[in-house]
Amino acid sequence: MSSLRSSSSVSGRKNNREIRMDDATSAKNEVQNIHVTQGGCEASASEATVLVTILGSCVCTCLCDQEAKVGGMNHFLLPDASFDNSGQLRYGLHAMELLINGVLKLGGRRHRLQAKLFGGAMMNARLGTIGRANAAFALRFLESEGIACTGQSLGGTRARRIRFWPASGRAQ
């Protein structure tokens, strides 16, 4: 079973989705914040969608086809099974494949995909080099798949809160 979900219109708060009205009289100004949790993956073609996550040693990839106005985000915990042997949703390879396929299903074209990478921090010594390994995996994967990495904030010792607008490719 896949953890990828495409965005849809909802109201209030449901699961990890939250709706905020910027202008209560206009549905056009509705902003849907979708929280991408560890091991999660989301894709959207909605200009009103913002994908949000919090990262430490984990890495998220924000992927976008700006011409088709579609994109998505994943959040993976480990580069591969050499660090752990639990569910595959935790691993970079599976998370990257889910993300690419999700964006392509919404109308993205592989040759136009652009990525931004975030996370991979060393939050404490007990976690060792997991953050660095996650970041290295993500960069290697994008290079091997011919996907341009147009921005990154990787490494360091602090957590990051990422907001990504999949239809435009904007991240902060």
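Before any of the text, the structure's been laid out above.
Residues numbered from 1 in each chain as written. Predicted model: local features only at pLDDT ≥ 70, side-chain atom pairs only at ≥ 80, totals over all residues. Heavy atoms only, no water.

1. Comments concerning the packing of helix H1 (residues 92-105) against helix H2 (residues 130-145)
Here is step 1: At a minimum axis separation of 11 Å, H1 and H2 run at an interaxial angle of 45°. Between H1 and H2, the crossing angle belongs to the class labelled oblique. Here H1 runs over H2; the crossing is right-handed. Residues Gly-92, Leu-93, Met-96 and Ile-100 of H1 lie in contact with H2, whose contacting residues are Phe-137, Ala-138, Phe-141 and Leu-142.
Here is step 2: The class makeup of the residues in the contact of H1 with H2 is 7 nonpolar, 1 polar and no charged. (Axes fitted to C-alpha atoms, helices over the stretch in contact; angles between N-to-C directions. Helix = DSSP H or I, 4+ residues; strand = E, 2+ residues; numbered from the N terminus. Parallel < 35°, antiparallel > 145°, perpendicular 65-115°, else oblique. Left-handed = near helix turned anticlockwise from the far one by under 90°. Contact = heavy atoms within 4.5 Å. Nonpolar A, V, L, I, M, F, W, Y, C, P; charged D, E, K, R; others polar.)

2. What about the nonpolar core?
Here is step 1: In terms of nonpolar packing, the biggest core is built from 19 residues, with Leu-63, Phe-76, Leu-142 and Ile-147 touching the most fellow members.
Here is step 2: Taken together, the elements giving at least two residues each to this core come down to strand E7 (59-65), strand E8 (70-76), H1, strand E9 (114-119) and H2.
Here is step 3: Here this core takes 6 residues from H1, the largest share from any one element.
Here is step 4: Residue contacts for Ile-147: discarding those within four places in its chain leaves Leu-63, Ile-100, Arg-110, Leu-113, Gln-114, Ala-115 and Leu-142.
Here is step 5: If you look at the next biggest cluster of nonpolar residues, it comprises 16 residues, including Leu-55, Cys-60, Cys-64 and Ile-130. (Core = buried A, V, L, I, M, F, W, Y, C linked by side-chain atoms within 4.5 Å. Buried < 20%, exposed > 50% of the residue type's maximum accessible area, 1.4 Å probe, protein only.)

3. Focus on the pairing of E7
Here is step 1: Burial runs high along E7: 7 of the 7 residues are buried.
Here is step 2: Taking every second residue as pointing to the same face, both faces of E7 are buried, with Val-59, Thr-61, Leu-63 and Asp-65 on one and Cys-60, Cys-62 and Cys-64 on the other.
Here is step 3: Where E7 lies against E8, 7 bridges are found, and the strand directions are antiparallel. Considered in E8, the bridge of Val-59 is made with Phe-76.
Here is step 4: The antiparallel pairing of E7 with E8 creates a hairpin that spans 4 residues between the two strands, and Lys-69 there sits at a positive phi of about 60°. (Pairing = 2+ DSSP bridges.)

4. Considerations on H1
Here is step 1: In a regular helix each residue adds 1.5 Å, so 14 residues correspond to 20 Å; H1 covers 20 Å between its end C-alpha atoms and thus fits that length.
Here is step 2: Among all positions of H1, only Gly-92, Ala-95, Met-96, Leu-98, Leu-99, Ile-100, Gly-102 and Val-103 are buried. (Expected span 1.5 Å × (residues − 1).)

Geometric descriptors of this kind do not, in isolation, establish any biological role.
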